Amino acid sequence: MHLTSSFRLLPALALGLLLLPGCYSRKDIKEEGGAETPTEVPPTEAPGAVAPKETTAAAATPAPAGSGPLAQVNVFLEVSGSMEGFMPKTGADASNTRFQQHVAQFLSEVNRSSAARKTFLRIKEKPYRDSYQQLSQTVRGGIQQPASSTDIPTVLDTLVANYYAPNSVSVLISDFIYSPKNAGAIPYISTDITDALNRAQRPDLAVSVYGYSSDFRGTYYPALKTAMKRINSCCDTDIPYYFWVIGPADAVRRFDTALLEKQPAQQAHFGVTYPVPTSSLLSRFQNVGSWYYGEKDASKRAAGATYHTVAVSSVSAKEPVEFVVGLDLKQLPGLFRDVKYLKPNLQLQAQDTDAKIIDVFAANDQTKNSSGAESQYTHFVKVRVTKLGKAARPLQLVLKNQRPAWVGQWTTKNDSNINQVGAKTFALSSLLDGVEAVTTSGQEKAPVFTIPLTLQPAD
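Heads up: these notes are all about the structure in this document. The model shown is predicted, which means the values in this text are computed figures rather than measured ones.

### Here we look at the sheet that holds strand 4 (residues 117–123)
Right, so step 1: Strand order in the open sheet formed by 7 strands is 5-4-3-6-10-7-11, and the pairing between neighbours is mixed. Both outer strands of the open sheet, strand 5 (127–130) and strand 11 (266–270), are each paired with one neighbouring strand and no more. On average, adjacent strands in this sheet sit at an angle of 20° to one another, irrespective of strand direction.
Right, so step 2: As paired elements, strand 3 (residues 72–78) and strand 6 (residues 168–174) share 6 bridges and run parallel to each other. Bridge assignment links Phe76 to a residue of strand 6, and that residue is Leu172.
Right, so step 3: Contacts between helix 5 (residues 249–258) and the sheet are confined to strand 3, strand 6, strand 7 (205–214), strand 10 (239–248) and strand 11, with strand 10 contributing the most and set at about 135° to the helix.

### Focus: the packing of aromatic side chains
Right, so step 1: Considering all chains together, one arrives at 25 aromatic pairs under this definition.
Right, so step 2: Ring geometry for Tyr212 and Tyr241: centres 5.4 Å apart, planes at 20°, overall stacked. You can see Tyr212 sitting in strand 7 and its partner Tyr241 sitting in strand 10, a full 29 residues away along the chain.
Right, so step 3: Between Trp291 and Tyr293, the aromatic rings sit 6.2 Å apart at their centres with planes inclined by 65°, giving edge-to-face as the arrangement. Each member of the pair, Trp291 as well as Tyr293, is classed as buried.
Right, so step 4: Here a set of aromatic residues connected by ring pairs shows up, and it is made of Phe86, Phe99, Phe106, Tyr212, Phe216, Tyr220, Tyr241, Phe243 and Phe255.
Right, so step 5: Residue placement shows Lys124 over the ring face of Tyr128; its charged tip is 5.9 Å from the ring centre.

What counts and how
- Think of each chain on its own: its residues are numbered from 1, step by step along the sequence as written.
- Given that the model is predicted, a residue must reach a pLDDT of at least 70 before its local features are reported, and side-chain atom pairs must reach 80 or more before they are shown or counted; all residues, however, enter totals for whole chains, interfaces and linings.
- Water and hydrogen atoms play no part in the side-chain values, which are based on all heavy atoms of the structure.
- Here, any two strands with at least 2 DSSP bridges between them count as paired.
- For the purposes of this entry, the term helix denotes a DSSP run of H or I that reaches at least four residues, the term strand denotes a run of E that reaches at least two, and both are numbered from the N terminus.
- Comment: axis = line fitted to C-alpha atoms, over the contacting stretch for helices; angle = value between 0 and 180 degrees taken between N-to-C directions.
- Residue contacts follow a heavy-atom distance rule, with two residues in contact if any of their heavy atoms lie within 4.5 Å.
- Pairs were defined over the aromatic rings of Phe, Tyr and Trp, the Trp ring being its six-membered one, requiring ring centres within 6.5 Å. Orientation was assigned from the angle between planes: stacked under 30 degrees, edge-to-face over 60, tilted for the rest.
- Partly exposed residues are those whose accessible area sits between 20% and 50% of the maximum for their type, while under 20% is buried and over 50% is exposed, using a 1.4 Å probe and protein chains only.
- Over a ring means this: the NZ of a Lys or the CZ of an Arg is within 6 Å of the ring centre and within 35 degrees of the ring normal.

The structure is reproduced here in structure tokens:
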């Protein structure tokens, strides 16, 4: 997000710097050529039509959220000097980077999506409205005029203040490299991100982060300039870039499902809520010991019914009971369907019993093609019991919403030797700390889902 040391994205500057020359504010987005609209004009009064190139405008307020297509999708592409290596100007060999292929395809998918209105913008000194064709050409043909200084907090503040509306999302595409003026600003990265996202006081704010990496052909500008100010003819390693999807929780979830879940990526989700997945006990799938469905009407239920009560006839350390719960996680993002995430983060909460999870596994060809109830589920949780209380007790399957391991693996404290460090981003963990502070409001993070079960002695 930078061209030289003064042409960089500076996310950790103090709030007072947001109005200095070279940055932009909420007011700047309504200015053009020195002519200023009233400073308090809300985004709802901005024209819906696409403005000419190099003019700025805020998005119109969409219709209320619903189950249908989104009313508005805004795509922001950061075009500072640090992004040139992702979008090099077309050479004689006409080769391109994976970033160019990926982002061009994404822009096309957004343009063809069922959203009522699509807006495409370049992030330079401030957002400039483009047509789809113009922004796509920038991606394919390379950045012609790299941006001067901007900073991440100001970008995020502008998106949340002027482009936030029900049934609407904004997507920011950038390398998200934080570039402090001095090392003393580093401890305040997360605070500045929190303040920027929180300033407009959006109570339903959610952010989904998708991480990708691409070959990079150009000059790389490390965030820390203690060793070197630039690395020419870079890079021998892939360089990460990110899509941040910002908006109301329901709109972010629906946009993720419609477009981004189709693309392999690293993921992290903040403030997004999901429906409780369909689930059921499976009495004829890998069950062990003497137990049955404890629902009073179990024998009268039609095919496809779900069950959540385990009635145990007998159990001991020598004769344990094992049962399997089927989960249909198709409506959850890929992160929460990954068995590597599920195994450490799916917990069983129980009382008066030693019930514990002994395995978590995904559906395979055998379960998918089975004639049994297991064919309806994408994942399975196997539970073992050797001790049971004298009365019915609740069990809960709880999927914790934890920071995925890849965030730490993609974070570096010093990117001045990026070819040796590998595909990492300076201070990424701190950036996401700032997001998490806003979306959790200082409270403990809510679980992804909770599924209630009952464990009881047989009648």
